[in-house]
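Structural features, examined
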Amino acid sequence: MLTSHYTADIEALCPRSSIINHGSVVFDGPLAEVSEVFGHKKLIALKAQRDLDPAGLARFGAVRKCRHNTALLEVDRDGLERCLPQLLGALPVVDLDVRDIPLEEGIAWFYEKAGVGAP
């Protein structure tokens, strides 16, 4: 048994996990199922040569954060191939990173689904 709040440890060591919140088990099963909650989504972190407009970014995906010349967008994995060339063609991008939605968000989703506040 491993008790940890450090998700990198959990991912590396535990094929099966239980998520317990306020004494209630809100998930018990393969850790991969937690990640699959958002498996159809990706995050695009970008930095541009100029300030970005959140309203203009919305055509590419859900704008999670936009501050000055940096932004974080959530997009469907299936639309990523179409989205990236459009994004790069429309904006003066100087840095771009595509990543999975963090495991922590999947865990938080299980807390919310169970109707129990996150710790």
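The structure this text deals with has already been given above.
Now for a description of the structure that goes with this document. (Residues numbered from 1 in each chain as written. Predicted model: local features only at pLDDT ≥ 70, side-chain atom pairs only at ≥ 80, totals over all residues. Heavy atoms only, no water.)

**Some remarks on the overall build of the chain**
Of the regular secondary structure elements, the chain holds 5 helices and 6 strands. Seen in sequence order, the chain has helices and strands lined up from the N terminus as α-β-β-α-β-α-β-β-α-β-α. When each of the 119 residues of the chain is scored for burial, the buried share is 32%. The long-range share in the chain, meaning contacts at least 24 apart out of those at least 6 apart in sequence, stands at 58%. (Helix = DSSP H or I, 4+ residues; strand = E, 2+ residues; numbered from the N terminus. Buried < 20%, exposed > 50% of the residue type's maximum accessible area, 1.4 Å probe, protein only. Contact = heavy atoms within 4.5 Å.)

**Examining unusual backbone geometry**
You will see that His 68, though not glycine, has its phi angle at about 55°, which is positive. Along the chain, the position of His 68 falls in the loop between strand E4 (62-67) and strand E5 (70-76).

**Describing a nonpolar patch on the surface**
Side chains of Leu 88, Leu 96 and Val 98 sit close together on the surface and give an oily, nonpolar patch of about 210 Å² of accessible area. You can see Leu 88 is positioned in helix H4 (residues 80-90). Under the relative-accessibility criterion, Leu 88 is labelled partly exposed at 47%. (Patch = residues over 30% accessible without salt bridge, like charges linked within 9 Å, V, L, I, M, F, W, Y side chains within 5 Å. Areas by Shrake-Rupley, 256 points an atom, 1.4 Å probe, with all protein chains shown as cover. Salt bridge = Lys/Arg side-chain N within 4 Å of Asp/Glu carboxyl O.)

**Describing the environment of Leu 96**
For Leu 96, the position within the fold is in strand E6 (residues 93-100). Residue classification places Leu 96 among the partly exposed residues on the basis of a relative accessible area of 30%. When neighbours within four sequence positions are excluded, Leu 96 is seen to be in contact with Ile 44, Ala 45, Leu 46, Leu 84, Leu 87 and Leu 88.

**As for the nonpolar core**
Ranked by size, the top nonpolar core spans 13 residues in total, and within it Ile 44, Leu 46, Leu 52, Leu 57, Phe 60, Leu 73 and Leu 87 carry the most contacts. Sorting the residues of this core by element identifies strand E3 (41-48), E5 and H4 as the ones contributing at least two each. The residues contacting Leu 73, other than those within four sequence positions of it, are Lys 42, Leu 43, Ile 44, Leu 46, Leu 57, Phe 60, Gly 61, Ala 62, Val 63 and Leu 87. Counting residues in hydrophobic clusters, the runner-up holds 12 residues, among them Cys 14, Phe 27, Val 34 and Leu 103. (Core = buried A, V, L, I, M, F, W, Y, C linked by side-chain atoms within 4.5 Å.)

**Focus on the pattern of salt bridges**
For the coordinates displayed, the defined rule picks out 8 salt bridges. One salt bridge in this structure joins Lys 41 and Asp 76, with 2.8 Å as the shortest N-O distance. One end of the pair, Lys 41, is in strand E3; the other, Asp 76, is in strand E5, with 35 residues separating them in the sequence. Classification of Asp 76 as partly exposed rests on a relative accessible area of 42%. We note a salt bridge from Glu 74 to Arg 64, for which the minimum N-O separation is 2.8 Å.

**Quick look at the sheet that holds E6**
Spatial strand order, E4-E5-E3-E6: 4 strands in an open sheet with antiparallel pairing. The open sheet has two edge strands with one neighbour each: E4 and E6. Averaged over all pairs of adjacent strands, the angle between their axes in this sheet comes to 15°, without regard to strand direction. Bridge analysis of E4 against E5 gives 5 bridges, and the strand direction is antiparallel. Its bridge partner lying in E5, Lys 65 is registered against Leu 72. Taken strand by strand, H4 contacts E3, E5 and E6, and its axis lies near 165° from that of E6. (Pairing = 2+ DSSP bridges. Axes fitted to C-alpha atoms, helices over the stretch in contact; angles between N-to-C directions.)

As far as function goes, none of this settles anything; it's purely spatial.
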